[in-house]
Amino acid sequence: MLLAYPFRLPVPRRVAPEAAVSTAVALLVLAGVDGLVPAPVVVALAGGAGATLAGVRLSRLAAADPAQSTSAPSTGRSARGRADRRSVAVLLDAAVVAAGVSAALLPLLAAGHRAAALAGSLLVAALALGGLLRLPGRPRPSIRVRLGRLSAAGGPAVGLSLAGWLLLPRAAGPAPARLLAVVALGGLGMGALCAFTGTHRRAGVATCRGGALLLLFGIVLLTTLPPTSAGRAALLAVPPLVVGMLLTALGAAAALAGEPAVRAAPAWPRVVLPAAVLLLAAGLHLGAGRAFDRTTVLLALAAVPPLVLREMVRAGTPERPAAHSRRGTGRPVRHRRAGSLAVGRPQWLGTAAGGSLAGLPAWPAVDAGDRSDPAGAGGPDEPATLLDALAAIGDVPAPAGALLLVDLHGTGAEGVGPTLRDDLLAEAVRRAHAVVGPADTVAGWAGAGFAVVTPAGPLLAYALGNRLLAALTTPYELAGSVLRVQASIGLAEVGGTGPVDVLRQAELARRRAVQLGRDRVEWYDAFLEEQLVRRLDLERELPGAVARGELDLVYQPVLGLADRQPVGTEALLRWRSPVLGTVLPAELLPVAEDLDLLGELEWWVVDRACRQLAEWSAGARQLWMAVNVTTRELTTPDFVQRTAAVLAAYGVPAELLVVEVAEPRVAADLSTVVARLAGLRSLGVRTALDDFRAEHASLAQLRRLPIDLLKVGPELVAATSDGQPPLIDVVVSVGERLGVEIVAEELETPAQVDGAHRARCRYGQGFGLARPATAERVEAYFEEFPSASR
């Protein structure tokens, strides 16, 4: 039974089969290298093993129904989404199976039958491409972004092709066929490298794409290598082939199940690794005493221009004389409601009233969500304005340069009136003029700051931003007062995009500088753009998700740490979007709050959890169910009455329901939170405080809150860095005095579980004890504990 349910495992076991297959394949390859097993047999067995495991995983994905636990009727849209998800698994399954068959046959084909090998490779490529294009949540960057990525990867890809040309034996075929093969290998290899290390917002999609490209790399390599009479050369194709199969299946599973957004990996592998491979290939080629042929020289020449052309053009771009700022009147800033991704900010009063900002025109903010209205980023129709400066750089034959948006904070302190604020901004602009170079342009922007346009390259522009930061954050002595402000600077390159796009990119970078604590310079990168697109997708798809039956609950068991018996569960929300995949609460709830949908979602959770609790409590087992609510919903006047109505509707004993609220947010309206929690306890409902922090304010606040359970994270269980006892000892002691039971959550390892038990925590929750799962699987898990009843 332990193997049937992964709840008790201290570490995830989903990749254990892949690890076993990889080990077996590695041993097979070693046996083939030593001559113990013929190379064609090694290739066939390895390809068969990888294709079998990957095929089984993808077949299960194709057979699974992502909405099986959703009781609401399916709509046509959700049905199409499920059909698309199945088609992804079916196409990728067919691709890995075809690759496995090809791996078994390709080493056995004679040189005269390589056309059949090519047909097999094209079949695998077509099936894999069809599956990749249907992945949910797949990034869809603009054409400009795609062209930029293609140009950045072109030089390294040519370098890999050159390395392949130097390493590929001449017996592999005539020169044109070998050249075509190495170009394909270079492109596939660089594509896989970009997939694993490039900018992406979904790790599963990137893993699946990289795995499919590795798979195709292995197939093309098998097609290109000489037939079996050449010996063990075919073994070189085994690692990318098998690893590509396994990663394709794992990535598809993650992409279809949904995962949180992730940041891109460092960019240096995309440059360093191809260069290292090329240097190694050149060294081996020269060490063998072979000379460079004409094709080698041509490929080398083809690799140079993409790597150096951009910087050469920038170095040769003539400097443009600085534009002169002219006086202008303010225009109103367009605002959107909070959380809707508007990039505008309130203007200063003096600017909004038409006041002068050191001779600079007030500049309206740009709405990042409205790309169809370039005029929305307009300003005073005068020369030396911001868009004119950007357009002047963009109109040169080879655009180069950067835009820096400077935002000042702290000007709204008490006692700082409109006149003093205007004087402060005038002084800030004077300092900026003292820092920038003669070819740089300072222009007004949004009234609360200004912009600098420079023809310098990105590194020099970043250095300019740091100089601006140092100058602008120095205290200001104005009218007998000393004022201190903070600055946030966003930087975007001018590289072939329109002025409005550059302005939007710099504004996104400025927003990130604010989010990271201010007093910093932040670059724009494509990940910011993808985050914005993801947010807009979420805002578009979330309304109506309840009516379409796209919401789902999973349940994580809570166990007693003394006997490891289940005592309850926590209901966790999942959004099974047919367009975006599975969306987790960390990404879902902020969007729901901004769209004013939080109440609808939370009451759906309470209703669905109570219905499930009624089914479970109908038997002999009495386990409690915890649901999470925000303080915003908890403090509504009718929360207690509505909760009582839901319990009555399903006939659920009140003591089996636990209402959790997060501790960091209760302080904002503590008296109302106390009243609502007391009202719930008067019904018999138990209450819990989640995300508790062992701070002085939190401990003092704990005495006022009428709660039954206190949930703490693993950071309180671990010993402190200075050797002092863990903070959990203090929390447990306070809990015992207050009659509050402690639940240690997010326990991932046996050490954390044991530590929580030694600290006298009564209950535990986390992957180290039990994983979240559907109601059916949790019921099956409960069957392992026939005596569990609380």
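As the structure is a computational prediction, the values presented were derived from the model and not from experiment.

(A) A look at a negative patch on the surface. Together, Glu 615, Glu 776, Glu 779 and Glu 783 make up a region of like negative charge exposed at the surface. Along the polypeptide, Glu 779 turns up in helix H26 (residues 775-782).

(B) Structural context of the sheet that holds strand E3 (residues 449-454). Strand order in the open sheet formed by five strands is E2-E3-E1-E6-E7, and the pairing between neighbours is mixed. Two strands close off the open sheet at either side, each with one partner strand: strand E2 (441-445) and strand E7 (520-523). For this sheet, the mean angle separating the axes of adjacent strands, direction not counted, is 25 degrees. As paired strands, strand E1 (residues 402-409) and strand E6 (residues 486-493) are joined by eight bridges and run antiparallel to one another. In the sheet register, His 409 faces E6, and the bridge partner there is Gln 486. On the sheet, helix H14 (residues 458-472) packs against E1, E3, E6 and E7 and is oriented at approximately 155 degrees with respect to E7.

(C) Structural view of the environment of Ala 668. Assignment of secondary structure puts Ala 668 in the loop between strand E12 (657-662) and helix H21 (670-683). Residues Ala 668 and Thr 631 lie 37 residues apart in sequence; the distance between their C-alpha atoms is 8.9 Å.

(D) Up close: the pattern of salt bridges. In the structure shown here, the tally under the stated rule is 24 salt bridges. Between Arg 520 and Glu 522 there is a salt bridge whose closest N-O contact spans 2.9 Å. When its relative accessible area of 11% is taken as the criterion, Glu 522 is described as buried. Arg 760 is the salt-bridge partner of Glu 736, the closest N and O atoms lying 3.4 Å from each other.

(E) Structural context of H26. Taken residue by residue, H26 has Ala 775, Val 778, Tyr 781 and Phe 782 as its buried positions. Along the axis of H26, the buried positions cluster into a sector of 120 degrees, meaning they face one direction only. Where H26 is buried, its residues meet strand E8 (551-560), strand E9 (566-577) and helix H18 (598-617).

(F) Just H21, in detail. In a regular helix each residue adds 1.5 Å, so 14 residues correspond to 20 Å; H21 covers 20 Å between its end C-alpha atoms and thus fits that length. Those residues of H21 that fall on the buried side of the exposure criterion are Leu 670, Thr 672, Val 673, Val 674, Arg 676, Leu 677, Gly 679 and Leu 680. After H21 finishes, the residue Gly 684 shows a positive phi value of roughly 105 degrees.

(G) Broad picture of the side chain of Ser 161. As for its position among the elements, Ser 161 is in helix H5 (residues 143-167). From its side chain, Ser 161 meets the backbone oxygen of Val 182 in a polar contact 3.2 Å long. Residue contacts for Ser 161: discarding those within four places in its chain leaves Val 182, Val 183, Gly 186, Gly 187 and Leu 299.

(H) Up close: a nonpolar patch on the surface. A contiguous nonpolar patch, built from Leu 286, Phe 292, Val 297, Leu 298 and Leu 301 and spanning about 490 Å² of accessible area, is present on the exposed surface. If one sorts the elements of the nonpolar patch by residue count, helix H10 (residues 294-316) sits on top with three residues. Following the sequence through the fold, Leu 286 ends up in helix H9 (residues 269-287).

(I) Looking closely at the confidence of the model for the protein. Chain-level statistics for the protein give a pLDDT mean of 77 and a share of 75% at 70 or above. Counting contacts from residues 66-74, a segment whose pLDDT is below 50, to residues more than four positions away or on other chains yields 13 contacts. Segment residues 313-348: pLDDT under 50, and 108 contacts once partners within four positions in sequence are set aside and those in other chains are kept.

(J) Quick peek at the nonpolar core. Leu 542, Trp 575, Leu 689, Leu 705, Leu 710 and Ile 728 are the most contacted members of the largest nonpolar core, which has 81 residues in total. Residue contributions to this core peak at 11 residues, all from H18. Not counting the four nearest positions on each side in its chain, Ile 728 is found in contact with Val 712, Leu 716, Val 717, Ile 742, Ala 759 and Cys 761. Of all hydrophobic cores here, the second largest spans 58 residues; its members include Val 43, Ala 98, Leu 213 and Leu 216.

(K) Seen up close, the packing of helix H13 (residues 418-435) against H14. For the pair H13 and H14, interaxial distance at closest approach is 9 Å and the crossing angle is 140 degrees. Taken together, H13 and H14 sit at an angle that is classed as oblique. H13 and H14 meet at a crossing whose hand is right-handed. For the pair formed by H13 and H14, the contact residues are Ala 428, Arg 431, Ala 432 and Val 435 on the first element and Leu 464, Arg 467, Leu 468, Ala 471 and Leu 472 on the second.

(L) Highlighting the pairing of E3. Taking burial as the measure, the six residues of E3 include six buried ones, the bulk of the element. The two faces of E3 match: Gly 449, Ala 451 and Val 453 on one face and Phe 450, Val 452 and Thr 454 on the other face are all buried. With six bridges connecting them, E1 and E3 associate as antiparallel partners. The residue bridging Asp 407 from the neighbouring strand is Gly 449, located in E3. Strand direction decides the pairing type here: E2 and E3, joined by five bridges, are antiparallel. Looking at the pairing, Trp 445 lines up with Gly 449 of E3.

(M) Fine view of the packing of aromatic side chains. Applying the stated criterion across every chain, the model contains seven aromatic pairs. Geometrically, the ring pair formed by Trp 616 and Phe 782 is edge-to-face, given 5.8 Å between the ring centres and 75 degrees between the ring planes. Of this pair, Trp 616 sits in helix H18 while Phe 782 is found in helix H26, placing the two residues 166 residues apart along the sequence. Of the two residues examined, Trp 616 and Phe 782, each falls in the buried class. Seen in terms of ring centroids, Trp 624 and Tyr 763 are 6.3 Å apart; in terms of plane orientation they differ by 70 degrees. Their pairing is edge-to-face. With Trp 624 in strand E11 (residues 624-628) and Tyr 763 in strand E16 (residues 763-764), this pair connects stretches of sequence that are 139 residues apart. Of the two residues, Trp 624 and Tyr 763, neither departs from the other in class, the shared state being buried. Among the aromatic side chains, those forming a connected cluster through ring pairs are Tyr 555, Trp 616, Tyr 781, Phe 782 and Phe 785. Over the ring of Tyr 476 we find Arg 431, and its NZ or CZ is 3.7 Å from the ring centre. One cation-aromatic arrangement involves Arg 771 over Phe 767; the distance from NZ or CZ to the ring centre is 4.4 Å.

What counts as what
- Residue positions are given per chain, counted from 1 along the sequence in the order it is written.
- At least 70 in pLDDT is required for a residue's local features to be given in this predicted model, at least 80 for side-chain atom pairs to be given and counted, and no such filter applies to totals for whole chains, interfaces and linings, which use all residues.
- In computing side-chain values, all of the structure's heavy atoms are included and hydrogens and water are not.
- Put simply, a patch holds well-exposed residues, over 30% relative accessible area, that have no salt bridge, with like charges counted together within 9 Å and Val, Leu, Ile, Met, Phe, Trp or Tyr side chains within 5 Å.
- Accessible areas in this description were obtained via Shrake-Rupley with a 1.4 Å probe; residue shielding takes into account the shown protein chains only.
- Salt bridges are identified by distance alone: a Lys or Arg side-chain nitrogen within 4 Å of an Asp or Glu carboxyl oxygen.
- Only four residue types enter the charge count: Lys and Arg as positive, Asp and Glu as negative, with His and the chain ends excluded.
- The atoms used to mark charge sites are NZ of Lys, CZ of Arg, CG of Asp and CD of Glu.
- Numbering goes from the N terminus for both helices and strands, where a helix is a DSSP run of H or I of at least four residues and a strand is a run of E of at least two.
- Paired strands, in this sense, are two strands between which DSSP finds at least two bridges.
- Fitted lines through C-alpha atoms serve as axes, helices being fitted only where they are in contact, and the angles separating the N-to-C directions of these axes extend from 0 to 180 degrees.
- Contacts were defined at the residue level, with two residues in contact if any of their heavy atoms lie within 4.5 Å.
- Only protein chains enter the calculation, and the probe is 1.4 Å; a residue is then buried if its accessible area is under 20% of its type maximum, exposed if over 50%, and partly exposed in between.
- Note that the arc is defined by the directions from the helix axis to the C-beta atoms.
- Given a helix with a known number of residues, its expected span is that number minus one, times 1.5 Å.
- Whenever two N or O atoms come within 3.5 Å, that pair is a polar contact, provided that in protein one can donate a hydrogen and the other can accept it, and provided that, for residues adjacent in sequence, both atoms are side-chain atoms.
- Values of pLDDT, ranging from 0 to 100, describe the predictor's confidence in every residue of the model.
- Think of a nonpolar core as a cluster: buried Ala, Val, Leu, Ile, Met, Phe, Trp, Tyr and Cys residues, connected wherever their side-chain atoms sit within 4.5 Å.
- Should an angle lie under 35 degrees it is considered roughly parallel, over 145 roughly antiparallel, and from 65 to 115 roughly perpendicular; all remaining angles are considered oblique.
- By definition, turning the near helix anticlockwise from the far helix through less than a right angle yields a left-handed crossing, and turning it clockwise yields a right-handed one.
- In this scheme Phe, Tyr and Trp rings, the latter by its six-membered ring, pair at centre separations within 6.5 Å, and the angle between planes marks the pair as stacked below 30 degrees, edge-to-face above 60, and tilted otherwise.
- Geometrically, a lysine NZ or arginine CZ counts as sitting over a ring once it is within 6 Å of the ring centre and also within 35 degrees of the ring normal.

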